[in-house]
Amino acid sequence: MPPTDDPITLSGVGVTYSGGARALVDIDLAVTSGEIFGVIGESGAGKSTLLSLLTAEVGATAGTVRVLGHDPAGLSRAALRGLRRRIGVVFQGVHLLANRTVRQNVALALDLRGPRGRVPASERRGAVDDMLGFVGLAGREDAYPSQLSGGQRQRVGIARALVARPDILLCDEPTSSLDATTTDGVLTLLREARDRFGTTVVVVTHDLTVVRRICDRVALFADGRLREILSVEPDAGFAEETYLDRARRELGA
Amino acid sequence: MTGLGESLGRRGEDLLEALGETGYMLVVSLAAAVVLGLPLGMLVYLTRRGGTAPNRVVWWVGNLFINIVRSFPFLLLVVFLIPVTRLVYGTTFGTPAATFSLCFVAVAIYARLVEQILREINPGIPRVARTMGATLPQTIVRFLLPEAIPGLVYALTSATISLLSYSTVLGVVGGGGIGDFALRYGYQEYDYPLMYFTIAVILAVVLIVQSIGHRLSVRLDHR
């Protein structure tokens, strides 16, 4: 395979679990720099396995995976940690530390860097507070996650994933536990993150609305196979629509 | 209650000494619980199948130690450990030597409680640590311990109360303490008011420990 600048390329990738179940079969795809790439399919289509492949939690049993120029399976443990620090992950369940404040949760991503990558405490705090401002949580820095709404918690999750300025942002069903208006806010935020930081975004979802709203391209998965890649015209106007307007439109009143 | 007043007048100093001995036993065994039991519980949690650092041998040895110590009837453990105690202390008698076997129980009890608390942590947390590129020490210090702290404090309360109960039989090997006092001067000398009074003191200690542990744990818990 010729080297490319694409942050993620898979060629002929298969994942077979030890029980013999084939989660992914012969996947070829390239995610280009700075795009928002959707991955959709029903439960069991292979979406989660694809995500775990990109975070190097699962290894490919066939084919070649390149993430930011590296094959995760071929890296030493230290090099793998280095690669993972260049990838932000937003989880469906957010998974914030319950006994740490919003600021402490977001600062974690910076705290993990080794002595060479260490940022001075004052600068770190500035970076964290800037990021919290970006996600719309200025003023809530000292709150604990239990004091926030579901949408706010997901914004903290996004801030945590972005604060170290990753090259890739992976989102696993980022809005599936949120209501429609909150979902719109989070989706707008993901697009702003791409626009402002140039981050390549991969969104795994079963929700077609997510794709229609923010994705540039989308990969359709079924039964572990990539069926099609479609280009999407992002729907720019959605953020201004209120919940009631939307209800009127969708219910045809 | 003149009987009790008289008994306390005669045995007051012994009672204070016995309380001091119990205090010594608890402080030393709780220190062992935190210094050795906490890491042991963490080790068993991390090395279990599907854990952050799976290792069958380490998991099996740690788990076996906890199970063996916990399944020993305590008095028999004390007797069983006599040769080891002699090796370590040069004697098998007295409060420090008696505390040795209590430390074994403290480590095993607390290790098991720690492991259970860690298992209850949202499994997403170790996953976040992994995908953020955290090292094993970072995963422990920055992710697992902060999540577990309220539970760990509360579990230490439970361990303290269990250890207080265990410590009462250490009179058998000359360990002294409040339980020995109740048996020796209350039960054996037919001074029942003194025995009941001593039991009331133990009860008060338990209630105080429980209440402190509960409050501290609630204050630390932001879930």
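The structure we're discussing is the one just above.
My aim in this report is to walk through the structure given alongside it, one point at a time. Residue positions are counted from 1 within each chain, in the order its sequence is given. Think of it this way: whatever chain is written first is A, whatever ligand is written first is 1, and the rest follow in order. Restriction of local features to residues with pLDDT of at least 70 applies here, the model being predicted, together with a cutoff of 80 or more for giving and counting side-chain atom pairs; totals for whole chains, interfaces and linings are based on all residues. The basis for the side-chain values is all heavy atoms of the structure; hydrogens and waters are excluded.

## Focus on the sheet that holds strand 2 (residues 22-31) of chain A
In a beta sheet, neighbouring strands are held together by backbone hydrogen bonds and run either parallel or antiparallel to one another. Residue and element names in this part refer to chain A. At least two DSSP bridges between two strands are needed for those strands to be called paired. Counting from the N terminus, the helices are DSSP H or I runs at least four residues long and the strands are E runs at least two residues long. In space, the three strands of this open sheet follow the order 2-1-4, with antiparallel pairing throughout. A single partner strand is all that each edge strand has here, and the edge strands are strand 2 and strand 4 (62-67). If you compare each strand with its neighbour and ignore which way they point, the axes differ by 20° on average. Direction of pairing for strand 1 (residues 8-16) relative to strand 4: antiparallel, over a ladder of five bridges. Pairing of G14 across the sheet is with A62, part of strand 4. It only takes one pair of heavy atoms within 4.5 Å for two residues to be counted as in contact. Axis geometry follows a simple rule: fit a line to the C-alpha atoms, using only the stretch in contact for helices, then measure angles between N-to-C directions, giving values from 0 to 180 degrees. Against the sheet, helix 1 (residues 47-54) engages strand 1, strand 2 and strand 4, with an angle of about 120° to strand 1.

## Describing the nonpolar core
For this analysis, a nonpolar core means a set of buried residues of the types Ala, Val, Leu, Ile, Met, Phe, Trp, Tyr and Cys, connected via side-chain atoms within 4.5 Å. Only protein chains enter the accessibility calculation, which uses a 1.4 Å probe; a residue is then buried when its area is under 20% of its type maximum, exposed when over 50%, and partly exposed in between. With 123 residues, the main nonpolar core has L10(A), L53(A), F221(A) and F143(B) as its most contacted residues. Excluding its chain neighbours within four sequence positions, the residues that come into contact with F221(A) are L24(A), I27(A), L29(A), V39(A), I40(A), G41(A), E42(A), A45(A), L50(A) and L226(A). Formed by seven residues, the second largest nonpolar core is a distinct cluster that contains I66(B), C103(B), V107(B) and A111(B).

## Section: the layout of surface pockets
With a 1 Å grid spanning the protein atoms alone, the term cavity applies to any set of points in which a 1.4 Å probe fits but cannot get out, the term pocket to an open set with protein on both sides within 12 Å along at least five of seven lines, and the term lining residue to any residue with an atom within 4 Å of a point. Grid points are joined across faces, edges and corners, and a volume is the space filled by probe spheres set on the points. The calculated volume of the largest pocket comes to roughly 500 Å³. The wall of the largest pocket is formed by 17 residues, among which R77(A), R84(A), T52(B), R130(B) and A134(B) lie closest to the centre. With four residues, helix 2 (residues 77-84) of chain A is the single largest residue contributor to the lining of the largest pocket. Residue polarity is assigned by list, with Asp, Glu, Lys and Arg as charged and Ala, Val, Leu, Ile, Met, Phe, Trp, Tyr, Cys and Pro as nonpolar; anything else, Gly included, falls into the polar class. Partitioned by chemical class, the residues of the lining of the largest pocket number eight nonpolar, four polar and five charged. Roughly 380 Å³ of volume is contained in the second largest pocket. Lining the second largest pocket are 18 residues, with I117(B), E120(B), E147(B), G151(B) and R223(B) positioned closest to its centre. Only helix 5 (95-119) and helix 7 (136-167) of chain B provide two or more residues apiece to the lining of the second largest pocket. By residue number, the principal contributor to the lining of the second largest pocket is helix 7 of chain B, which donates six residues. Taken together, the residues that form the lining of the second largest pocket break down as nine nonpolar, five polar and four charged.

## So, the state of the cysteines
All names here are of chain A. Cysteine sulfur atoms that come within 2.5 Å of each other are treated as a disulfide pair. Within this structure, the stated rule accounts for zero disulfides over all chains. Of all cysteine sulfurs, the one in C215 lies closest to C171, which takes part in no disulfide; the gap is 9.5 Å. A relative accessible area of 0% places C171 in the buried class.

## Topic: the pairing of strand 8 (residues 217-222) of chain A
Residue and element names in this part refer to chain A. Note: strand 3 (residues 36-40) against strand 8, four bridges, orientation parallel. Residue pairing in the sheet places G38 in a bridge with V218 of strand 8. Bridge analysis of strand 8 against strand 9 (residues 225-231) gives six bridges, and the strand direction is antiparallel. By the bridge assignment for strand 9, A219 is matched with I229. Between strand 8 and strand 9, which pair antiparallel in sequence order, lie two residues; one of them, D223, sits at a positive phi of approximately 50°.

Read these as geometric descriptors, not functional statements.
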